[in-house]
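Understanding the architecture of this molecule
Here is what each chain is made of, one letter per residue.
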Amino acid sequence: MSAATKSPGASRASESLRALIRGRLFWPLITLALLLSFNLAFNAHFFSVTVRDGHLYGSLIDILNRAAPLMIVAMGLTLVIATHGIDISVGAVVAISGAVAATLIGGQLSPGGGAPEAAGHPMPLVILAALGVAMALGMWNGALISFFGMQPIIATLILLVAGRGVAQLITGGQIITIYHTPYFFIGNGFLAGLPFSLFIVSAVLLFLLVLTRRTALGLFIEAVGLNPVAARFAGVRARAITFWAYAFCGLCAGIAGLIISSNVKSADGNNAGLLFELDAILAVVLGGTSLNGGRFTLVGSVLGALIIQTLTTTIYSVGVPPEVTLVVKAAVVFLVSILQSDRVRDRITSMGKLGEAL
């Protein structure tokens, strides 16, 4: 049927389909659905969720729980990338946050080897201290970039290197074990049957959605990312917005550090958050936010983090040898990134139009 003889209803359906394909969340959702379907093909009980002691357990719950730190960091990094910046120090900030919390809260085993007893400082003070340090490090990055004009990758590279050393200094180069049991609730606790970390993710996402979609802040961030000079001439305080975007990104990394240290009940200045920045950047890109700045999608970044965690789970579940794990991961990310590029989308749309004309 030619375009001239096509009914109005069919034309509207075709237009809706093209708009759906060009949507920023279309390919992340398709990718996630394909990965989940692939797991289901290998494991018939992949979608099974069981209830034990009032808590939900299953592969899907595990993926959501393990992806929580990455989702939070990806959301913070999305704001930075939307301002045409980058932050490669989030992994180091994750390590510092966990190290600060573990050092302050500590805890020790009772002399008789019985149940662990609490020690150190009060838990609210520990959490505030860890988050305060993480946010201060984000403000450090923001100050270097906004007020000293340093290139984002150089400024955050400094903290990437120095931050890892600071984390090792705090922990003395050792793994600090945490014995304060209430602290474990952050990364291992359940609320209403679901992991508590998911409530933290939801709170951060809701806060950012309200802040960026219900106020003018989202438009200001996109304006700064598209053209900071024009944004300044238009009256947008570009430097302040960039500064606080990095500060909030540091805060998000601090929250992730608390969840990770709570989950593993320890702090490791050498390995905690190692290469976390690369996964976070990939999550943002897979979610549909361009590294060129401007338009961004927080929900897409959350989906990107879920894609990465699902991919990791898939690789382990199908028994891919560890030496080729990163290669498989990179190949899938490469394929998804290609499908998400504007040029490929335009080509697919053009092919669709050509098919209709024929």
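Every value quoted in this text rests on a predicted model; they were computed, and no experiment measured them.

Moving on, we come to the nonpolar core. With 89 residues, the main nonpolar core has Met71, Ile72, Met75, Leu77, Leu79, Tyr183 and Ile255 as its most contacted residues. Ignoring sequence-local partners within four residues, the contact set of Tyr183 consists of Ala101, Ile105, Met123, Ile178, Leu258, Ser261 and Ser262.

Bringing the packing of helix α12 (residues 276–286) against helix α13 (residues 298–317) into the picture now. Between α12 and α13, the least distance of the axes is 7 Å, while the angle of their chain directions is 120°. Relative to α13, the element α12 is oriented oblique. Between α12 and α13 lies a crossing whose hand is right-handed. Contacts from Asp279, Leu282, Ala283, Val284 and Leu286 of α12 reach α13 at Gly300, Ser301, Gly304, Ala305, Ile307 and Ile308. When its residues are assigned to classes, the contact of α12 with α13 shows seven nonpolar, three polar and one charged.

The subject of this paragraph is the pairing of strand β2 (residues 55–58). Here four bridges tie strand β1 (residues 49–52) to β2, and the two strands are oriented antiparallel to one another. Across the sheet, the residue bridging to Val49 is Gly58, located in β2. Here β1 folds back onto β2 in antiparallel fashion, the turn holding two residues, of which Asp53 has a positive phi close to 55°.

A word on the packing of aromatic side chains. Here the structure, examined in full by the defined rule, presents eight aromatic pairs. Judged by centre distance (5.5 Å) and plane angle (80°), the rings of Phe46 and Phe47 are edge-to-face. With 5.7 Å between their ring centres and 50° between their planes, Phe147 and Phe243 make a pair best called tilted. Of the two residues, Phe147 sits in the loop between α5 (123–146) and α6 (152–171) while Phe243 sits in helix α11 (residues 238–264), which places them 96 residues apart along the sequence. Judged by its relative accessible area of 49%, Phe147 is partly exposed. Among the aromatic residues, those joined into a ring-pair cluster are Phe147, Phe243 and Trp244. The residue whose ring lies beneath Arg52 is Tyr57, and the NZ or CZ to ring-centre distance is 4.3 Å. Sitting over the ring of Phe296, Arg213 keeps its end group 4.5 Å from the ring centre.

About the criteria used
Residues numbered from 1 in each chain as written. Predicted model: local features only at pLDDT ≥ 70, side-chain atom pairs only at ≥ 80, totals over all residues. Heavy atoms only, no water. Core = buried A, V, L, I, M, F, W, Y, C linked by side-chain atoms within 4.5 Å. Buried < 20%, exposed > 50% of the residue type's maximum accessible area, 1.4 Å probe, protein only. Contact = heavy atoms within 4.5 Å. Axes fitted to C-alpha atoms, helices over the stretch in contact; angles between N-to-C directions. Helix = DSSP H or I, 4+ residues; strand = E, 2+ residues; numbered from the N terminus. Parallel < 35°, antiparallel > 145°, perpendicular 65-115°, else oblique. Left-handed = near helix turned anticlockwise from the far one by under 90°. Nonpolar A, V, L, I, M, F, W, Y, C, P; charged D, E, K, R; others polar. Pairing = 2+ DSSP bridges. Phe/Tyr/Trp six-rings, centres within 6.5 Å; stacked < 30°, edge-to-face > 60°. Lys NZ or Arg CZ within 6 Å of the ring centre and 35° of its normal.

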